[in-house]
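The residues making up each chain are set out below.
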Amino acid sequence: MVKISDFQIKDVVNVSDGKRLGNIGDIEINLSTGKIEAVVISGNGRVLGFFGKEEEIVIPWKNIIKIGQDVILVRYKGFEEKLSDEG
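A few points on the structure. (Residues numbered from 1 in each chain as written. Predicted model: local features only at pLDDT ≥ 70, side-chain atom pairs only at ≥ 80, totals over all residues. Heavy atoms only, no water.)

### Here we look at the pairing of strand S5 (residues 64-67)
Along any regular strand, the residues point their side chains to alternate faces of the sheet.
Here comes step 1: Here three bridges tie S5 to strand S6 (residues 71-74), and the two strands are oriented antiparallel to one another. Residue pairing for S6: Ile67 is matched across the bridge by Ile72.
Here comes step 2: As consecutive antiparallel partners, S5 and S6 are separated by three residues. (Pairing = 2+ DSSP bridges. Helix = DSSP H or I, 4+ residues; strand = E, 2+ residues; numbered from the N terminus.)

### Description of the side chain of Lys10
Here comes step 1: Residue position: Lys10 is located in the loop between helix H1 (4-8) and strand S1 (11-14).
Here comes step 2: We note that Lys10 is buried and unpaired, the nearest opposite charge coming from Asp70 at a distance of 6.3 Å.
Here comes step 3: Within polar-contact distance, the side chain of Lys10 engages the backbone oxygen of Gly68 at 2.9 Å.
Here comes step 4: With near-sequence residues (within four places) excluded, Lys10 lies in contact with Gly22, Asn23, Ile67, Gly68, Gln69, Asp70, Val71 and Ile72. (Buried < 20%, exposed > 50% of the residue type's maximum accessible area, 1.4 Å probe, protein only. Lys, Arg positive; Asp, Glu negative; His and termini not counted. Salt bridge = Lys/Arg side-chain N within 4 Å of Asp/Glu carboxyl O. Polar contact = N/O pair within 3.5 Å; in protein donor to acceptor, adjacent residues only side chain to side chain. Contact = heavy atoms within 4.5 Å.)

### What about the pattern of salt bridges?
Here comes step 1: A complete count under the given rule lists one salt bridge for this structure.
Here comes step 2: Asp11 serves as the salt-bridge partner of Arg20, at 3.0 Å between the closest nitrogen and oxygen.
Here comes step 3: Taking relative accessible area as the criterion, Arg20 reaches 30% and is therefore assigned partly exposed.

### What to know about the nonpolar core
Here comes step 1: Counting 11 residues, the largest nonpolar core consists of Phe7, Val12, Leu21, Ile24, Val39, Ile41, Ile57, Ile59, Ile64, Ile72 and Val74.
Here comes step 2: Those elements giving two or more residues to this core turn out to be strand S2 (20-29), strand S3 (36-41), strand S4 (57-60) and S6.
Here comes step 3: Beyond its immediate stretch of four places on either side in the chain, Val74 contacts Val12, Val13, Asn14, Val15, Leu21, Ile59, Asn63, Ile64 and Ile65. (Core = buried A, V, L, I, M, F, W, Y, C linked by side-chain atoms within 4.5 Å.)

Here you go:
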């Protein structure tokens, strides 16, 4: 069994580019099934939206690749990558 506090101290790393996304601040749970739907990474000052507001990053549970002792590896396609795909 794993506690949310155990998740919160691990660094979340994007396997697509090797960047550290931050730490888990919250989780989304489907109350009907009792399963975790997504993890929410709190804005850490690196990802700034409009007007300087820190954005939260939501990673669907299916995009978590590996939960290690020190890090959580995820597959995340961020805003910057979406811009390059469009242009």
